[in-house]
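Residues per chain are reported as follows:
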Amino acid sequence: MKIINPAKAGSLESNDIFIMVFPNDNGNEIELESIVMKQFGKRIKEVIEETLKELKVENAKVIAKDRGALDYTIKARVETAIRRAM
């Protein structure tokens, strides 16, 4: 899938994640800010990367602002933002 326009999904409420997606020329990049970065930062990035691979996205910049979201919420927000950006 090709990212054409910037898009966003989610919120900054507790137990949610705010995802912004932008076109990028240098492969996939992930910028993460999280209240649980020390405990779960690596896993959050893994879920984002897995979702991008599943959707066959190759050139996207993803900015994520996490407020304690669970894996399924992260996946849903990334997928929504990607589909909005197509």
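Scope of this entry: the structure provided in the associated data block. (Residues numbered from 1 in each chain as written. Predicted model: local features only at pLDDT ≥ 70, side-chain atom pairs only at ≥ 80, totals over all residues. Heavy atoms only, no water.)

**Structural notes on the pairing of strand β2 (residues 17-23)**
Argument step 1. Among the 7 residues that make up β2, 5 are buried, leaving the element largely enclosed by the rest of the structure.
Argument step 2. Relative to β2, strand β1 (residues 7-9) runs antiparallel, the two being bridged by 3 bridges. Bridging from a neighbouring strand, Lys8 pairs with Met20 of β2.
Argument step 3. Here 7 bridges tie β2 to strand β4 (residues 60-66), and the two strands are oriented antiparallel to one another. Bridge pairing links Val21 to Val62 in β4. (Buried < 20%, exposed > 50% of the residue type's maximum accessible area, 1.4 Å probe, protein only. Helix = DSSP H or I, 4+ residues; strand = E, 2+ residues; numbered from the N terminus. Pairing = 2+ DSSP bridges.)

**Quick notes on the nonpolar core**
Argument step 1. Of all hydrophobic cores here, the largest spans 23 residues; its most connected members are Ile19, Val21, Ile48, Ile74 and Ile82.
Argument step 2. Elements supplying a minimum of two residues to this core: β1, β2, α1 (37-54), β4 and α2 (71-85).
Argument step 3. Counting residues per element, this core draws most heavily on α2, which supplies 5 residues. (Core = buried A, V, L, I, M, F, W, Y, C linked by side-chain atoms within 4.5 Å.)

**Concerning the pattern of salt bridges**
Argument step 1. On inspection of all chains with the given rule, the structure shows 8 salt bridges.
Argument step 2. With a shortest N-O distance of 3.2 Å, Glu31 and Lys61 are connected by a salt bridge. Taken together, the residues Glu31 in strand β3 (residues 29-34) and Lys61 in strand β4 connect sequence positions 30 residues apart.
Argument step 3. Two residues, Arg67 and Glu33, come together in a salt bridge whose shortest N-O distance is 4.0 Å. With a gap of 34 residues between them, Arg67 in the loop between β4 and α2 and Glu33 in strand β3 connect regions that are remote in the sequence.
Argument step 4. Here the salt bridges share partners, and the residues they tie into one network are Arg43, Glu46, Glu50 and Asp71. (Salt bridge = Lys/Arg side-chain N within 4 Å of Asp/Glu carboxyl O.)

**Some thoughts on the sheet that holds β1**
Argument step 1. As summarised here, the arrangement of the 4 strands in space is β1-β2-β4-β3, forming an open sheet in which the pairing is mixed. Taken across any chain shown, the strands that pair with only one partner, and hence form the sheet edges, are β1 and β3. Looking at each pair of strands side by side, their axes are set apart by 10 degrees on average, direction ignored. (Axes fitted to C-alpha atoms, helices over the stretch in contact; angles between N-to-C directions.)

**With respect to unusual backbone geometry**
Argument step 1. The backbone phi angle of Asn15 is positive, close to 65 degrees, even though this residue is not glycine.
Argument step 2. Overall, Asn15 belongs to the exposed group, its relative accessible area being 54%.
Argument step 3. Although it is not a glycine, Lys56 adopts a positive phi angle of roughly 60 degrees.
Argument step 4. Structurally, Lys56 is set in the loop between α1 and β4.

**Topic: α1**
A turn of α-helix holds 3.6 residues, and therefore any two residues three or four places apart point the same way.
Argument step 1. When the terminal C-alpha atoms of α1 are compared, their 24 Å separation across 18 residues agrees well with the 26 Å that a helix rising 1.5 Å per residue should span.
Argument step 2. Residues Gly41, Ile44, Val47, Ile48, Thr51 and Leu52 constitute the buried set of α1.
Argument step 3. Elements that come into contact with the buried residues of α1 comprise β2, β3, β4 and α2.
Argument step 4. Lys56 sits one or two positions beyond α1 and adopts a positive phi of about 60 degrees. (Expected span 1.5 Å × (residues − 1). Contact = heavy atoms within 4.5 Å.)

Functional significance is not addressed by these values, which are geometric in nature.
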